[in-house]
Amino acid sequence: MPTVEQQEALRRLPAVHQLLDRKELSPYLKRLPREWVAQTVRDTLTMKRREILDNLSFREEITESALIAQAIKTLHHLTEPQLRPILNATGIVLHTNLGRAILSEDAVKAVHQVARSASNLEFQLHEGIRGSRYDHVEALLCRLTGAEAAMVVNNNAAAVFHILQTLTKGKDVILSRGQLVEIGGSFRISEIMQESGARLVEVGTTNKTRIQDYEQAVTSETGMVLKVHTSNFRIIGFTQEVPREALTALARNHGIPFYEDLGSGVLYDLKKHGIGKEPTVQECIQAGVDLLSFSGDKLLGGPQAGIIVGKKEWLDRLKKNQLTRSLRVDKFTLAALEATLRHYLNPKEAAQKIPTLRQILRKKTELQEAARQLAHTIQETTKEKLQIEMVSSHSEVGGGSMPEVELPTVCVAIRSHSIPVSQLVQRLRSAPKPVVGRTSQNWLLLDPRTLEENDFPTITESFRYALQT
Ligand SMILES: *Cc1c(COP(=O)(O)O)cnc(C)c1O
């Protein structure tokens, strides 16, 4: 039984039609069916009733305005874009939760163009006959990587599955125990393999695997030798891995393919700039690897995609599999990928125009200057409300790529005199232009590596918002 107080609070709740008549709701009644708005108002009232009965809210005055505000919050999910741009001040260049690689201007333009117009997606203009959507990028991929053939699927996880499913269903696949990885989002090599119908044959130990381990495991049932990039961790100390040249030779002697899941797959040689030790895709092809797959939106700096390159004999079988259709990429992906790949025809251009590479390659001196400017802009508009300093720190490549690489940077460190850092961070996230940074002790850190100079005024705007509300 509700108490007298509760009954009183319930009685004071306005009726649905009373709320629907309020002028704050009229813009929504113009855009949405009346019944949807009414239902939202009804739901809001039901929630409030439950709160009253649970003794959660009847003590405070329940106003019509507060109820309307609550209903509008729900309606916003329908009327306002939910997937929207934010400012990445984390210094993590390939942040999987923040959409990984951002596209070059040319790639964005290419997407725009095919979105607004019909295209020759599957049409050969010269002969006037049906074409293949994959032709647009295959020649480019072969030229850039040195591979005989190439194809593109939805993402690298799909590429791994497609390759195992097509080539090794019902067969053994040999993999080192040191490479039995979980990539994230519960993507486990062992489980993908099970789903594909291939049998996993583990060889070696977590830290050491020798060529003899592989040799002893090969039987007439073996369908493939697999190497998986240990993207997001490193085994250090007493370790041994078999060089890809040796695995290539082993596979060739037995007439089976050697497939390497490269994870990130870099076309630009970052080693030359002292960043990481990743072999380029070109180097792997040169070492004789039969099949390689990698992501489009990691170090390549393009759209989400799974790129497969390698020997024609294996690629032909992959292309023939009917399943390809269910993994196929759309025209926006192909447009963005083609434009991104074209940058790599001139590595210097790639380093300048592809945001992923540009951000990874930014030097500490440049970042120090950027941090100074950012600090200055924020300081100017927020008056005495914030304590602002500059600190040396490290950025990360992210996306499970190069976990051991620390990119030296200079961050703007900020804290407020009046609100705790957790609250400041939360308010910046809920600003119309959300800003996401990282926190260290009681400071908010903004890393300029993943920001552009024209983001600075927007960041200042978001700070003003965060300090007002
Ligand atoms: C990231 C990664 C994948 C998954 O790639 P997606 O493009 O995200 O599907 C698979 N294997 C390795 C080794 C990876 O690093």
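Residues numbered from 1 in each chain as written. Predicted model: local features only at pLDDT ≥ 70, side-chain atom pairs only at ≥ 80, totals over all residues. Heavy atoms only, no water.

In the annotation of an unreviewed UniProt entry, the entry for the chain reads L-seryl-tRNA(Sec) selenium transferase, and the organism field reads Melghirimyces algeriensis. Recorded in UniProt under Catalytic activity (unreviewed entry), the annotation for the chain is "L-seryl-tRNA(Sec) + selenophosphate + H(+) = L-selenocysteinyl-tRNA(Sec) + phosphate". Among the UniProt annotations of the chain, the heading Cofactor (unreviewed entry) holds the following wording: "pyridoxal 5'-phosphate". (UniProt positions renumbered as here; feature names shortened; annotations may be inferred.)

**Student:** Can you help me understand the overall build of the chain in this one?
**Tutor:** Assigned secondary structure in the chain consists of 19 helices and 16 strands. Principal-axis analysis of the C-alpha atoms gives the chain an extent of 85 × 55 × 50 Å. Here the chain holds 469 residues, and the buried ones make up 49% of them. Pairs at least 24 residues apart make up 74% of the contacts formed inside the chain by residues separated by at least 6 positions. A total of about 24000 Å² of accessible surface is found on the chain, and carbon and sulfur atoms cover 50% of it. Averaging the locations of the 60 positively and 54 negatively charged side chains of the chain gives two centres separated by 2 Å. (Helix = DSSP H or I, 4+ residues; strand = E, 2+ residues; numbered from the N terminus. Buried < 20%, exposed > 50% of the residue type's maximum accessible area, 1.4 Å probe, protein only. Contact = heavy atoms within 4.5 Å. Areas by Shrake-Rupley, 256 points an atom, 1.4 Å probe, with all protein chains shown as cover. Lys, Arg positive; Asp, Glu negative; His and termini not counted. Charge placed at Lys NZ, Arg CZ, Asp CG, Glu CD.)

**Student:** For this particular structure, what's the right way to read the site of the ligand?
**Tutor:** Neighbouring residues of the ligand: Arg100, Asn155, Asn156, Ala157, Ile183, Phe187, His229, Ser231, Asp261, Gly263, Ser295 and Lys298. With respect to the ligand, the backbone of Ala157 contributes an N or O atom lying 2.9 Å from an oxygen atom. Here Asp261 contributes a side-chain N or O atom positioned 2.7 Å from a nitrogen atom of the ligand. Contact with the protein chains covers 93% of the free accessible surface of the ligand, which is 380 Å². Breaking the shell around the ligand down by element, the ones donating at least two residues are helix H8 (156-168) and strand E9 (258-263). (Near = heavy atom within 4 Å. Polar contact = N/O pair within 3.5 Å; in protein donor to acceptor, adjacent residues only side chain to side chain.)

**Student:** Explanation requested: the pairing of strand E12 (residues 386-398) in the structure shown.
**Tutor:** Regular strands place side chains that alternate from one sheet face to the opposite one. Pairing of strand E2 (residues 92-94) with E12 involves 2 bridges; the strand directions are parallel. By the bridge assignment for E12, Leu94 is matched with Gly398. Direction of pairing for E12 relative to strand E13 (residues 407-416): antiparallel, over a ladder of 10 bridges. Looking at the pairing, Glu389 lines up with Ala413 of E13. (Pairing = 2+ DSSP bridges.)

**Student:** What is the right way to read the UniProt feature "coiled-coil region" (unreviewed entry) in the chain from this model?
**Tutor:** Residues annotated in UniProt with the feature "coiled-coil region" (unreviewed entry) correspond here to residues 357-384. Note that residues 357-384 is 86% helix and 0% strand, and that its end C-alpha atoms are spaced 37 Å apart.

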